[in-house]
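Chain by chain, the residues:
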Amino acid sequence: MAELDLLTFGRLSLDLYALEEGPKASVRSFGAFIGGNPLNVAVGAARLGLRAGLVSAVGQDPVGEFVLERLRGEGVEVQHVLVKPGRRTPAVVLFREGGTYPLTFYREGAADWEISLEDVEGIPVEATRVLFISGTALAREPSRSAAFALAERARNAGVQVFLDLDLRPDQWHDPRAYGVVLRSFLPLVEVAIGNEKEARALRARGIRLVAHQASEPEVEGDLDRAIGEVLGAGVEAFVVKGGERGSGVWLRSGESLWVPGFPVERPVTPLGAGDAFAAGLVWARLQGLSWGDALRVGNACGAIVVGRLGCGEFSPYREELLGFLRERGVHVD
């Protein structure tokens, strides 16, 4: 029996979200949450009932203590969240202004990028069912090599490897390196997840940030070619998130499927919805659900979080998710 259902690897942060919507200079209060793609997925999966753990690192600072305590409260295994003296626990600040959501990342000296090959040697990745890697973990060394090492061990042990493309262009020394590095990682991956921009960025003609929209860059590229290239690298399934339009999966066998999303009456912010989607997708696949039902679950998790101000800590619990689906005539349990 596996020790964990899910082990995620990569970045974490203190998230400061503006509680007021309007010009940046007028904001006087922020909510303090925890975030980062692999952290959010671990929290979301734990809320759905999976035994989830996180491989990451914090600084020897009060912010790191805050993050660890919040993770423990969510039931996430933090045994493999390291403390790196001399490094800092990252932070992210979000404003909400005129229908945009400018993000500012504070990752100078980020502790999670310092996870080394030595650090991951003792992590029992062979005793989990799914290893989930964040694409940003591949942006720098030594985290990049540590991710490759864990993924190699996982594949050799028959553990499913999921890759979230997690494009954050400003976290790479050159945005073009994103595609080069992730393409080299794909042969270790069984399931890749990303939105359409992240997919095109795998071999982009251009990537441009607009007004600090680190989560929504402008990307020029061919989506169909990107999907074909991902599957050609040996990936069994490429899941593409389409926001309010829903999500789809392209399988190496040649099949594809698109499932419409659920309408959201009062959206608050799209941030965190994609991570909730990924948590729901992993949960559903580990329950043995079909790809169609797994996409419906992911869409539902994303729709729930879109109506809330926050990420992982606002993901649905299992009964809330199933109730949301039942109200819409979908039964997956």
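Residues numbered from 1 in each chain as written. Predicted model: local features only at pLDDT ≥ 70, side-chain atom pairs only at ≥ 80, totals over all residues. Heavy atoms only, no water.

## Section: helix α8 (residues 273-286)
- Between its first and last C-alpha atoms α8 spans 20 Å; for 14 residues at 1.5 Å apiece the expected length is 20 Å, and the two agree.
- Within α8, 12 of the 14 residues are buried, which leaves the element mostly enclosed by the surrounding structure.
- In the stretch just after α8, Gly288 is the one whose phi turns positive, near 85°. (Helix = DSSP H or I, 4+ residues; strand = E, 2+ residues; numbered from the N terminus. Expected span 1.5 Å × (residues − 1). Buried < 20%, exposed > 50% of the residue type's maximum accessible area, 1.4 Å probe, protein only.)

## Side note on the nonpolar core
- Core analysis: the biggest nonpolar cluster contains 56 residues, and Leu71, Ile193, Val239, Leu281, Trp283 and Val297 have the highest contact counts within it.
- Every residue in contact with Ile193, bar those within four places of it in the chain, is listed here: Phe132, Phe162, Leu163, Asp164, Leu165, Phe238, Val239, Lys241, Phe277, Ala278 and Leu281.
- One finds Ala146, Ala151, Val181 and Ala199 within the second-largest nonpolar core, a separate group that totals 48 residues. (Core = buried A, V, L, I, M, F, W, Y, C linked by side-chain atoms within 4.5 Å. Contact = heavy atoms within 4.5 Å.)

## Concerning the sheet that holds strand β2 (residues 13-18)
- In space, the 4 strands of this open sheet follow the order β3-β2-β6-β7, with mixed pairing throughout. With partners counted over all chains shown, the strands left at the sheet margins are β3 (30-35) and β7 (103-106), one partner each. Going from strand to strand, the sheet's axes swing by 20° on average, the running direction of each strand aside.
- The pairing of β2 with β3 spans 6 bridges and is antiparallel. Within β3, the residue paired with Ser13 across the bridge is Gly35.
- Packing of helix α2 (residues 62-73) onto the sheet brings it into contact with β2 and β3, and relative to β3 it is tilted by some 70°. (Pairing = 2+ DSSP bridges. Axes fitted to C-alpha atoms, helices over the stretch in contact; angles between N-to-C directions.)

## So, the pairing of strand β9 (residues 160-164)
- With 4 of 5 residues buried, β9 is to be regarded as a mostly interior element.
- The pairing of strand β8 (residues 128-134) with β9 spans 5 bridges and is parallel. By the bridge assignment for β9, Ser134 is matched with Asp164.
- Taken together, β8, helix α4 (residues 143-156) and β9 form a β-α-β motif whose crossover is right-handed.
- A crossover connection joins β9 to the parallel strand β10 (residues 191-195) through helix α5 (residues 175-185); in handedness this β-α-β unit is right-handed. (Right-handed = clockwise from strand over helix to strand, strands pointing away.)

## Side note on the sheet that holds strand β15 (residues 256-259)
- Strand order in the open sheet formed by 9 strands is β5-β4-β1-β8-β9-β10-β13-β14-β15, with mixed pairing between adjacent strands. Looking at the sheet topology across the chains shown, the edges are occupied by β5 (81-84) and β15. Averaged over all pairs of adjacent strands, the angle between strand axes in this sheet comes to 15°, irrespective of strand direction.
- Relative to the sheet, helix α7 (residues 223-232) contacts β10, β13 (237-241) and β14 (247-251), its axis offset from that of β13 by approximately 150°.

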